[in-house]
Every structure is written in C-alpha cells, then in structure tokens.
Amino acid sequence: MGPSQQNSCSGYQQNTEIAAVLWIMSVPFSRIKGMFFLLFLTWFCSGQPAPPLLRFSVYLDPLNMVYLRWDHDEQEMMTFELQVHTTGWVAFGFSPHGELPGSDIVIGGVFPNGSIYFSDFHVVDDAALEEDDSQDYQLLSVTENETSTTMLFKRHLRTCDSNDLDITMDTARLITAFGTDDTVQLFKGQKFSKSLFLMRYRSPSNSTDPKIFFTYDLRLDNFAVPIEETKYACTFLPLPRVKQKHHIYKFEPVITPHNITLVHHILVYACGNASVLPSGIDDCYGANPDFALCSQVVVGWAVGGESYQFPDDAAYSIGTPWDPQYVRLEIHYSNFDLVSGLIDSSGVRIYYTPEVRKYDVGILQTGIFTFPVHFIPPGAESYRSYGLCNSSQFDEMNGTPVPDLHVFAYLLHTHLAGRGVKVAQYRNEKQLGIICEDNKYDFTLQEIRDMKEILVIKPGDEILVECNFQTLDRSGITFAGPSTMNEMCLSFLFYYPRNNISSCMGYPDILYVAHVLKQEASDAVEGMMAMDFVDWNNETVKTAEKAAKEADQIVVIKTINVKLTDDIQTGQALQLQVK
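- Per an unreviewed UniProt entry, the protein is named DBH-like monooxygenase protein 2, and its organism is Aythya fuligula.
- Per UniProt, the protein carries the Cofactor (unreviewed entry) text "Cu(2+)".
- Under the UniProt heading Sequence similarities (unreviewed entry), the entry covering the protein gives this text: "Belongs to the copper type II ascorbate-dependent monooxygenase family."

Structure representation (structure tokens):
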C-alpha cells in the first residue's frame, strides 16, 4: 500500500536547515547559472554526528563506479548517500522515463580549495538545465578523497514543487552523471539510468538467519537453448529429502554468467505427490501437456530481481506428508537475436533449515487467465485489462475451510507492453483498498516486494488485477501468450498460512465484448477472431476497454497439480461466472 502523503502542499514548510551554510556570490559554471550552496569542507570534519544507518544499497552503473545507499523514515523523508568514482562534479536524480529531459536532479561536488557546491535543478530539454526556485534537497555533507566524491543528502517523498518528481510505491527511474573536474557539463558527462524500487521495508539486516541451514540447487543441466525467440523449458526435479519438517527460508537465482540477458524468468511449481511426472526437458506449453502439470508456485524470479528471504515468522514447508516431493522448474528464455550454440544451466538455489518458523508460506497467482481470450488493441496510448478472483469457492476447492490470507509480499508481471499493474481488494462489493501497485512498471525490473504492513484477505473477498498496456508501436492485436511479444497480466501474492489454492484468475466474456464492438460471434473462438475485423482507433480502443471492464468475468480457480486442459488425480479446476 502506498505511503500516506501527509505533508500537503498547503501545509508543507520548506526545510532548509543546513547549519553554517554561507551564501556567497553567484558562481558561474559552464552552461549553468544560478546560486549554489557554498560552504567550507572543514565544517564537516569536526563535531558532526555519525552518518545515519542506511539499510539499502546498490550500484547504479555496470562498471560499479556509482554506489547508492538510501533509507526512509516515518516522517516521509528519504536519505541518500551517493559515492562516485570521480573528483569532479556528480549528479543524481529522478527521470520520468529514464532520459534527461524532465528530470529532477541535484548537482554537487568539492572545489579544489575545499569549498563545496550543491543545488537542486530540473532538466528542461536536451540542452537546457535550470536551477529550481524551491531548493528541496537538504545537504548533509559532501566529501572528496583522492579517488571519489561522496554526497549525503535528504528530501521529502513529496516536496510539492512542480519541478520535483514524487517518490512513490512505483518503480523509480534514477539518473546519475559525473564529470572529471568541477566544470559542470551535464550533457557531456558520463550518464547512467537505472530502474529501482526505493520504498523497501525489509533489508537483509532485518532478517534473522538460522544457525543450521543447507543449500540445494534446482537447475537445468547443460540445456541446449533452441534458436527461437521464445522458449519455455520445463523439467521435473526432486526437492531435498528430509526426515522431518524443514523450511525453505530463502532463494536466489543461479544464472549461467554469459546467459544473463537470455533468461527472462524462472518459476518453481509444487507437484502433488500422486502425480505421474514425465522425465527429461520439454516445452512447458507444447504438444505434451504433462509438462504443464503442477500449478502452485513455490518460488519465482524474473529479470531484474535478486535473492529473496521470507520474514522471520514464515517460510515454505518441506518434509511433511502434505508437502511436495517434486517440483516443476520452468525457465523462460528470450533469444531475440536467434543466437545458436547456447548452453544453459540456470536455475534457483534454495536455502532450507530444520529451525521451522510459525507459519507455512503460500503463493496465490491472480490476474487475467492467460488463455484464451485476453487481447490488447494496436496503437493504444493506454489500454486497461482486468482479471477478477472471486474467493467465495475457496473452502470447497481447498477441501477444508480456508483461513484468512495474511499477505506480506507480492510480485507483478507483464511483458513488454505493460506500463502499470494495480491489485485491489473488494468485500461485499465495496473496495477496501489497493493491495499493491506499480504505475511505472518496468519489464526489466521484476522482483518480489514486501508490503509495508500485513494485509488480510478473507474467504469471499474479491481481488481485481488491472494492467495498463501501451501498444503505440504495434500495428496488430497483441494476444495473451507465453512469448515476450505476447502479453500477460499477473500478480503473485505471498501469504500465510498456506492453503491448497494455487491460482484464482479471471477473464471477461469475449462474446459480450465482440457484440459491443458490433462484431458477429457465436462462441469464444469466433469472438477472438472477430477482433481482427475491428477498425482500431482511439474510439474503438476505449469502447473495447469499457466493454471488457463491464463484461461478466469467468473465474478459474485451481488447486495444486492442474494442467491447462483438464483435471487430473489430486488437482481440481473450477470455473464460475461472476457479474
């Protein structure tokens, strides 16, 4: 859930508390005019408190020359420490789309005489930089040694300055730049852009590692990646054999180094112990439907993500009669350049321990049922699709009453056309609030994100997933499917205690949508085919979006072990139509 923005524009007082700041005459720099904060470096070297503890850190460039540490507090203040491998000027800020124009940045450094400069700017266009009238970044220190410059500063999440960009629960596009000396030339210096989620709530320092733990790899073995743009490779692997209950408390990707740009995502699904599983490696969604067995996600990773550790009071259970013994490993490869001779042994490393925690973790997949009727019109600036989960049948599907779901983390997923994902909770036909959202979604940064607070979903609640797509660069309809050029609209909700429901997804009645668009169709297949005959323009795009939102939703609920085609052995699938 998003941060509560309590410092409204009318009540927010600009905070410019920088002790011992000296206002000195305007200092000219190349292409920059305006007043800088100047003060002597010696002031920072005596009698100052220790720098704040900043829990989060990352390199912002591929050569590890720009290192960022940051944290935020209950007063909605975010503190940054930027360390750059240069003795010249450095710049840091926020961009609407990853480019300089429209960016909100600060520039600072240390002069050869020991005095410093620091100021808040905005980038007007490809060649113009202007200093903000309202200086909303508070400088804490700036230092320089023989090789590096370090700036420590802070700002409010929302400054109420039209030239600043808010820090929200969305993915941020960070801009960094630097030069070799103190002549600031922003448009000529080295520049980097990186997508990053700043509103994190747990760091590794917040987690407790068990005293006894083991690691286990779930990986492909020298798989020959085919010369295809998209490949979903699946195999079935055993979980660790343990004689008593253990908990998987952490997992991390293990990517073959030269294939880092090839692997799009990795998912591990739990299999029912009564399942008859195929051997070898095959297409997950190809001619052999057995390779689509097992539907309950255990762990997941996607491009841009990192390792993930569950909260101290919950983890994924293995070793009991109710726990899976085998999993399906699914790896999505995107080989757009059709490179031949690629061999891959990527997968996931799990960490497990006999020191069990209070709760068992489950993962609920929600969103739009990928097959068969999800589509996005071409040429759309914005097109929203909706998938509904109605949990009223959870008890029946689970076999026993389902306890409340305590959601502690989430992962959002679309493909290249996705621009935003929002997940809302409804009870008794009233919206309770937003579970999670990212209105600046970046396909290259798909990671598990922790909730600020535990959110409770009760049986009977409805979960509506809304995805915003943009297809200005496409001349034909984009259909749902496994290819990166197809689309998906999914949300994975991490919760406890675990139940037997693996997914709950919906899709709109395509016949209703077709008829609203004045197309003839008698079944879902004809309804989808009819979309190719629509004259797509701004009006028809909005008509289709409105019709898909108003249409009845067909909700598909699955338990562990269901194929896309039918029910087998220990699994079940239920469809219900919701108005």
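### Remarks on the confidence of the model for the protein
Link 1 in the chain: Considering every residue of the protein, the mean pLDDT works out to 86; 87% of them sit at 70 or more.
Link 2 in the chain: In the predicted structure, residues 1-7 sits below a pLDDT of 50 and forms 20 contacts with residues beyond four places in sequence or in another chain.
Link 3 in the chain: A low-confidence stretch, residues 10-48 stays under pLDDT 50, and its non-local contacts, those more than four residues away or across chains, total 78 contacts.

### Topic: the sheet that holds strand E4 (residues 77-84)
Link 1 in the chain: Read across the open sheet, the five strands follow the order E2-E3-E4-E10-E9; overall the sheet is antiparallel. Every interior strand has two partners, whereas the edge strands, strand E2 (56-59) and strand E9 (138-144), have only one. Within the sheet, the average angular offset between the axes of one strand and its neighbour, ignoring direction, is 15 degrees.

### What about the environment of Asp181?
Link 1 in the chain: If you trace the backbone, Asp181 turns up in the loop between strand E11 (172-178) and strand E12 (190-196).
Link 2 in the chain: On the basis of relative accessible area, Asp181 is assigned to the partly exposed category, the value being 39%.
Link 3 in the chain: C-alpha separation for the pair Asp181 and Phe111, spaced 70 residues apart in sequence, amounts to 8.8 Å.
Link 4 in the chain: When neighbours within four sequence positions are excluded, Asp181 is seen to be in contact with Gly88 and Trp89.
Link 5 in the chain: A distance of 3.0 Å separates a polar side-chain atom of Asp181 from the backbone nitrogen of Thr183.

### Thoughts on the packing of aromatic side chains
Two descriptors summarise a pair of aromatic rings, namely the distance from one centre to the other and the angle between the planes of the rings.
Link 1 in the chain: Applying the stated criterion across every chain, the model contains 29 aromatic pairs.
Link 2 in the chain: When the centroid spacing of 4.7 Å and the interplanar angle of 40 degrees are considered together, the rings of Phe111 and Tyr117 count as tilted.
Link 3 in the chain: Ring geometry for Phe251 against Tyr308: centres 6.1 Å apart, planes inclined by 45 degrees, an arrangement best described as tilted. Of this pair, Phe251 sits in strand E16 (residues 246-254) while Tyr308 sits in strand E20 (residues 308-309), placing them 57 residues apart in sequence.
Link 4 in the chain: The class of Tyr308 is buried, set by a relative accessible area of 6%.
Link 5 in the chain: Put simply, the rings of Phe251, Tyr308, Phe310, Tyr359, Phe408, Phe494 and Tyr496 touch in pairs and so form one group of aromatic residues.
Link 6 in the chain: It is Arg328 that lies over the ring of Tyr269; its NZ or CZ is 4.1 Å from the centre.
Link 7 in the chain: In this structure, Arg498 packs its charged tip against the face of Tyr316, placed 5.4 Å from the ring centre.

### Let's talk about unusual backbone geometry
Link 1 in the chain: The step from Tyr496 to Pro497 runs through a cis peptide bond, and the omega angle for that step is -10 degrees.
Link 2 in the chain: Along the chain, the position of Pro497 falls in the loop between strand E35 (490-496) and strand E36 (501-508).
Link 3 in the chain: Of note, the phi angle at Glu76 is positive, near 60 degrees, even though the residue is not glycine.
Link 4 in the chain: As for its placement among the helices and strands, Glu76 is situated in the loop between strand E3 (66-72) and E4.
Link 5 in the chain: Note on Glu76: relative accessible area 6%, which makes it buried.
Link 6 in the chain: The residue Leu338 is not glycine, and still its phi comes out positive at about 55 degrees.
Link 7 in the chain: Within the secondary structure, Leu338 sits in the loop between strand E22 (326-334) and strand E23 (343-344).
Link 8 in the chain: Residue classification places Leu338 among the partly exposed residues on the basis of a relative accessible area of 41%.

### A few points about the pattern of salt bridges
Link 1 in the chain: Under the counting rule described, the total for this entry stands at 21 salt bridges.
Link 2 in the chain: We note a salt bridge from Arg55 to Asp71, for which the minimum N-O separation is 2.9 Å. Taken together, the positions of Arg55 in the loop between strand E1 (37-40) and E2 and Asp71 in strand E3 put the pair 16 residues apart, joining distant regions of the chain.
Link 3 in the chain: A salt bridge links Lys458 to Asp404; the nearest nitrogen and oxygen atoms lie 2.8 Å apart. Remark: Asp404 occurs in the loop between helix H1 (394-398) and strand E29 (405-413) and Lys458 occurs in the loop between strand E32 (449-457) and strand E33 (462-469); sequence separation between them is 54 residues.
Link 4 in the chain: Judged by relative accessible area, Asp404 falls into the partly exposed class, the value being 25%.

### Overview of the state of the cysteines
Link 1 in the chain: The final tally for this structure, using the stated rule, is four disulfides.
Link 2 in the chain: Shown here is the disulfide that connects Cys389 with Cys504, its sulfur atoms set 2.2 Å apart. Residues Cys389 and Cys504 are joined through a disulfide that is right-handed, its torsion about the S-S bond being 100 degrees. Here Cys504 lies in strand E36 and Cys389 lies in strand E28 (residues 383-390), a separation of 115 residues in the sequence.
Link 3 in the chain: The exposure class assigned to Cys389 is buried, which follows from its relative accessible area of 1%.
Link 4 in the chain: Given a relative accessible area of 0%, Cys504 falls into the buried group.
Link 5 in the chain: Cysteine pairing in the protein follows 1-3, 2-4, 5-8, 6-7, where each cysteine in a disulfide is numbered by its order in the sequence.

### Let's talk about the environment of Gln185
Link 1 in the chain: Examined against the element boundaries, Gln185 turns out to sit in the loop between E11 and E12.
Link 2 in the chain: On the basis of relative accessibility, which here comes to 28%, the residue Gln185 falls in the partly exposed class.
Link 3 in the chain: Sequence separation between Gln185 and Leu129 is 56 residues; the distance between their C-alpha atoms is 10.0 Å.

Rules behind the numbers
- Residues numbered from 1 in each chain as written.
- Predicted model: local features only at pLDDT ≥ 70, side-chain atom pairs only at ≥ 80, totals over all residues.
- Heavy atoms only, no water.
- UniProt positions renumbered as here; feature names shortened; annotations may be inferred.
- pLDDT = per-residue confidence, 0-100.
- Contact = heavy atoms within 4.5 Å.
- Pairing = 2+ DSSP bridges.
- Helix = DSSP H or I, 4+ residues; strand = E, 2+ residues; numbered from the N terminus.
- Axes fitted to C-alpha atoms, helices over the stretch in contact; angles between N-to-C directions.
- Buried < 20%, exposed > 50% of the residue type's maximum accessible area, 1.4 Å probe, protein only.
- Polar contact = N/O pair within 3.5 Å; in protein donor to acceptor, adjacent residues only side chain to side chain.
- Phe/Tyr/Trp six-rings, centres within 6.5 Å; stacked < 30°, edge-to-face > 60°.
- Lys NZ or Arg CZ within 6 Å of the ring centre and 35° of its normal.
- Salt bridge = Lys/Arg side-chain N within 4 Å of Asp/Glu carboxyl O.
- Disulfide = S-S within 2.5 Å.

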